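# Descriptive structure summary
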There are 2 protein chains.
Amino acid sequence: MKATILNIGDELLSGLIVNTNATFIAQQLDLIGVKVIRIDTVSDNGVEISNAVDQHLTQCDIIIITGGLGPTNDDITKYTLANKFGMSLQFNELAYINIENLFKNRGLGVTETNRLQAMLPDKCTVLINTQGTAPGMWFDYQDKIIVSLPGVPFEMKYLMENEVLPRLKSKCTDLFIVRKLFHTTGVAESHLQDMLIEWERNLPSYSQFAYLPEPGIVKLRLSFSGNNEKSLNDELNTQEQKLREILGNSIFGINSETIEEIVGNLLNQKKQTLSIAESCTGGYISHLITSISGSSQYFKGSVISYSNKIKSDVLEVDENIINKYGAVSKEVVIEMARGVQQLCKTDYAISISGIAGPDGGTKDKPVGTVWISIATPNTIEAKHFLFGDNRQRNIRRAAIAALNELRKELLNK
Amino acid sequence: MKATILNIGDELLSGLIVNTNATFIAQQLDLIGVKVIRIDTVSDNGVEISNAVDQHLTQCDIIIITGGLGPTNDDITKYTLANKFGMSLQFNELAYINIENLFKNRGLGVTETNRLQAMLPDKCTVLINTQGTAPGMWFDYQDKIIVSLPGVPFEMKYLMENEVLPRLKSKCTDLFIVRKLFHTTGVAESHLQDMLIEWERNLPSYSQFAYLPEPGIVKLRLSFSGNNEKSLNDELNTQEQKLREILGNSIFGINSETIEEIVGNLLNQKKQTLSIAESCTGGYISHLITSISGSSQYFKGSVISYSNKIKSDVLEVDENIINKYGAVSKEVVIEMARGVQQLCKTDYAISISGIAGPDGGTKDKPVGTVWISIATPNTIEAKHFLFGDNRQRNIRRAAIAALNELRKELLNK
């Protein structure tokens, strides 16, 4: 089956927002073997939307539309589609109850504007959106499928995952794609390529392999397509084993796993606790750790010691050590890790101090210099890193490196 | 002038990469008054590319194409366009010298594959790309302009900024677009709409107004287009004043400003310092504050008191108060704010405690319940919030609400 993604919105055409919706939908369709042949963006204009739908219907089997379903005047997708498919709008009880619940949870009554969002084309399948007030719509039209979803990313994702993909999956059973994403850290992309050159050369012809680099992480995507699902899975397992033999510990997770999740799982399994002392990352490591639901089981707390005074007053780092070696030093991060571990009474502690930039660098300690220390119940060690000159990327890379150091310690014990 | 952005690449259609090129080009064209009417993505296929160009030429004056200019076999944009416009390829000396220099800088000689990149359509204007081996191409064709750029983002940006935009600017002096983005928080989108209904109705016909909601923030975009730049700016100022009269303090920033930046600026101006005690947001507020370069001027540190023990041990919250009122309570956040303010010796302090979810909610304190306290040099107050049931969004919304409470305190003093 072939699909087109049609995104509606002047905010996309004027470059106000990046079209991450198209990327997400394309990935998801790709995973179930639906080939995306076009991604098109048009303005919030009924004629444009209608013409685009007509044009794409001649070339594909499915159109996934996003945007233009909000409660405001510039949201016209619903009216355009109802009109195009000769449907009239009728009040949908379930959609209304959902809207009412959303408002009730926030202690509010439904406004007249939002009530109108429950008026929906009479012959479409309404996709109830528990994440927001705009329902999705599924139209079966002359052997084609047209799906209209809200443009708010998390609402679109909810409806794709819970309503659209399960329905589409049941319709495409001829081609199987099996795929795994491997997350690596600590090895540069070019070095990974050198390590994998021989293995890559020997992959079967029905495979695809791609490097997807991000700050601090390189993801490796391996996929196989064909019509025998079992043999594809067998091949994937075989190749995964070979890949893991070559890359070892550098692979920290697969598919949607994150390093904060992996570290959390390890702490949970071992019933160990964690505290963090952050300087240059300013709370970002703690944020990653606590983004995981259930993290209060192992995470006790952090001290963000942005000023030296807090390093000495709260973490009890000796002021003489700070003066002698500087705040960004092996000696100081070791004291910080010990300090937070004792203060929070945890088994493990991470500490980090560095120069995120753009200011604060010196010849000896340029922007990007970072010291990370991991305290375990028995040991305490520190490691030096040198990242780049971009503040946001340095924060991200330093946080991933710190979590990876902790991960390695947890795997060793 | 109207433009279409045409992105070529299977990696976009399979969701392997996000189309940030389109966003950048759209922003840049928008700034010089070129209206982007369509953003289209097609595969690396000559027929598809050619058909898309034909289609868009009937509707716009300019097509900016990206991608398909690399040295490999699947890069066919150049051949497709040369063929379409009846041109033959000829060796371009300047393009070749540029390629040669790029290789020389890396201590390499030009390969045969890369030499072919200097073979270019004979009647196009070659745009020398000092950032990479693929030159850009500018075609004047039947009163229309077609520009072909490489897909590598920094190469595309270089050519847009240095070659394409200066040429386009000289051609469009007739239409001006003036625009401002207003960031609001604390008022729901539907409520904003109710407040603005009358004002919106009275906007002049040459204006455009849009609501752009995100978790915790609703952005409002107001633009005017016409041929008298001064009168458009005057109108924008007039309407901005009216908008600010209606929305008052709910507008916290404009254009690319963020709430953490605004709060940082206020602290800087007033030479005041800040510390933070975070529970449910787990470090995210500190992360936002320290994502701003120069934040060490006003931000001293935080305590992430995820466990009650740290609330009492480090922040000196009375254990009896925690037991009596619970960790998520007015009494506890007030003690937390006072505790961190004293510990870090700062003028201001934020504290926050809540139930981010998905677990931990009760009938009295459902998931999404958040208490925020702001300590100033003279006062300490707390406020109750009720967000939704999604952990990530609750963290984001709670952080924005906390920063907004601090902003309001800073504006009042």
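Rules behind the numbers
- For every chain, the first residue of the written sequence is number 1, and numbering continues from 1 onward in sequence order.
- To read the labels, note that chains go from A and ligands from 1, taken in the order they are written.
- Local features in this predicted model are restricted to residues of pLDDT 70 or higher, and side-chain atom pairs are both shown and tallied only at a pLDDT of 80 or more, whereas totals for entire chains, interfaces and linings draw on every residue.
- Heavy atoms from the whole structure form the basis of all side-chain values; hydrogens and water molecules are not counted.
- A run of H or I in DSSP becomes a helix once it reaches four residues, and a run of E becomes a strand once it reaches two; helices and strands are each numbered from the N terminus.
- Note on contacts: a residue pair qualifies if any of its non-hydrogen atoms lie within 4.5 Å across the two residues.
- Residues counted as positive are Lys and Arg, residues counted as negative are Asp and Glu, and His and the chain ends are not counted.
- The atom standing in for a charge is NZ when the residue is Lys, CZ when it is Arg, CG when it is Asp and CD when it is Glu.
- Scored between 0 and 100, pLDDT is the confidence that the predictor attaches to each residue.
- Think of it in three bands: residues with accessible area under 20% of the maximum for their type are buried, residues over 50% are exposed, and the middle band is partly exposed, with areas taken using a 1.4 Å probe on protein chains only.
- DSSP-based pairing: two strands are paired if at least 2 bridges between them are found.
- Fitted lines through C-alpha atoms serve as axes, helices being fitted only where they are in contact, and the angles separating the N-to-C directions of these axes extend from 0 to 180 degrees.
- To define a nonpolar core, start from buried Ala, Val, Leu, Ile, Met, Phe, Trp, Tyr and Cys residues and group those joined through side-chain atoms within 4.5 Å.
- Throughout this description, a polar contact denotes any pair of N or O atoms lying within 3.5 Å of each other; where both atoms belong to protein, one of them has to be capable of donating a hydrogen while the other can accept it, and for residues adjacent in sequence the pair is counted only when both atoms sit in side chains.
- The term buried area refers to how much accessible surface (probe radius 1.4 Å) is lost by two components on association, counted for both of them together.
- By salt bridge we mean one thing: a side-chain nitrogen of Lys or Arg within 4 Å of a carboxyl oxygen of Asp or Glu.
- Note that Gly is not counted as nonpolar here; it falls among the polar residues with everything else outside the nonpolar set of Ala, Val, Leu, Ile, Met, Phe, Trp, Tyr, Cys and Pro and the charged set of Asp, Glu, Lys and Arg.
- Angular relationships are summarised with four words: roughly parallel below 35 degrees, roughly antiparallel beyond 145, roughly perpendicular across 65 to 115, and oblique for the angles in between.
- Left-handed describes a crossing whose near helix is turned anticlockwise from the far helix through less than a right angle; right-handed describes the clockwise counterpart.

### Considerations on the overall build of chain A
Check the secondary structure of chain A and you find 15 helices and 17 strands. Here the C-alpha coordinates of chain A stretch approximately 80 × 60 × 40 Å along the principal axes. Intrachain contacts of chain A at a sequence separation of at least 6 include 65% that bridge at least 24 residues. With 41 positive and 47 negative side-chain charges, chain A shows a separation of 4 Å between the mean positions of the two kinds.

### Considering the confidence of the model for chain A
Per-residue pLDDT for chain A averages 94, and the proportion of residues at 70 or more is 100%. In the model output, the complex is listed with pTM 0.83 alongside ipTM 0.83.

### Overview of unusual backbone geometry
Negative phi characterises most residues that are not glycine, and trans characterises most peptide bonds. Residue and element names in this part refer to chain A. Look at the link from Gly357 to Pro358: it is a cis peptide, with omega at 0°. Summarising the element assignment, Pro358 is placed in the loop between strand 15 (348–354) and strand 16 (369–375). The phi dihedral of Lys271 falls on the positive side, at around 50°, and the residue is not glycine. Along the chain, the position of Lys271 falls in the loop between helix 10 (259–269) and strand 13 (274–278). Here the phi dihedral of Glu316 falls at roughly 60°; this positive angle occurs in a residue that is not glycine. With respect to the helices, strands and loops of the structure, Glu316 is situated in the loop between helix 12 (308–313) and helix 13 (319–325). According to the relative accessible area criterion, Glu316 is exposed, its value standing at 62%.

### Description of the sheet that holds strand 12 (residues 251–254) of chain A
Across a sheet, strands are paired by hydrogen bonds formed along the backbone, either parallel or antiparallel in direction. All names here are of chain A. Read across the open sheet, the 4 strands follow the order 10-11-9-12; overall the sheet is antiparallel. Every interior strand has two partners, whereas the edge strands, strand 10 (207–214) and strand 12, have only one. Going across the sheet, the axis of each strand differs from the next one's by a mean of 25°, ignoring polarity. Pairing of strand 9 (residues 176–184) with strand 12 involves 3 bridges; the strand directions are antiparallel.

### Here's the deal with the nonpolar core
Judged by nonpolar contacts, the single largest core of 74 residues is most densely connected at A:Ile350 and B:Ile350. Within the second largest apolar cluster, 38 residues are counted, among which are A:Val303, A:Val314, A:Val332 and B:Val314.

### Here's the deal with the side chain of A:Thr185
Residue and element names in this part refer to chain A. Residue position: Thr185 is located in the loop between strand 9 and helix 8 (189–201). Exposure remark for Thr185: the relative accessible area of 7% places this residue in the buried category. For Thr185, the side chain forms a polar contact with the main-chain oxygen of Gly216, separated by 2.7 Å.

### Some words on the interface of chain B and chain A
Between chain B and chain A, the contact holds 73 residues from the first and 74 residues from the second. Counting the surface lost from both chain B and chain A, the interface buries some 5,500 Å², and carbon and sulfur atoms represent 54% of this. When residues of chain B are sorted by the area they lose upon contact with chain A, B:Leu13, B:Arg38 and B:Tyr306 head the list and together hold 10% of the total. Our count for the chain B to chain A interface comes out at 4 salt bridges. Measuring nitrogen to oxygen at the nearest pair gives 2.6 Å for the salt bridge that ties A:Asp40 to B:Arg38. Among the residues making up the side of chain B that touches chain A, the classes are represented as 31 nonpolar, 28 polar and 14 charged. Of the pairings in the sheet, the one linking strand 14 (residues 299–305) of chain A to strand 14 (residues 299–305) of chain B comprises 5 bridges and is antiparallel in character. Within the sheet, the bridge partner assigned to A:Ile304 lies in strand 14 of chain B and is B:Ser302.

### Quick word on the packing of helix 8 (residues 189–201) of chain B against helix 9 (residues 229–247) of chain B
Residues and elements named next belong to chain B. Direction vectors running N to C along helix 8 and helix 9 enclose 140°, while the axes themselves pass 10 Å from each other. By the angle between their directions, the pair helix 8 and helix 9 is classed as oblique. Considering only the axes of helix 8 and helix 9, their crossing is right-handed. Counted together, Leu192, Met195, Leu196 and Trp199 of helix 8 and Gln239, Lys242, Leu243, Ile246 and Leu247 of helix 9 form the full contact between these two elements. When grouped by side-chain class, the residues that make up the contact of helix 8 with helix 9 number 7 nonpolar, 1 polar and 1 charged.

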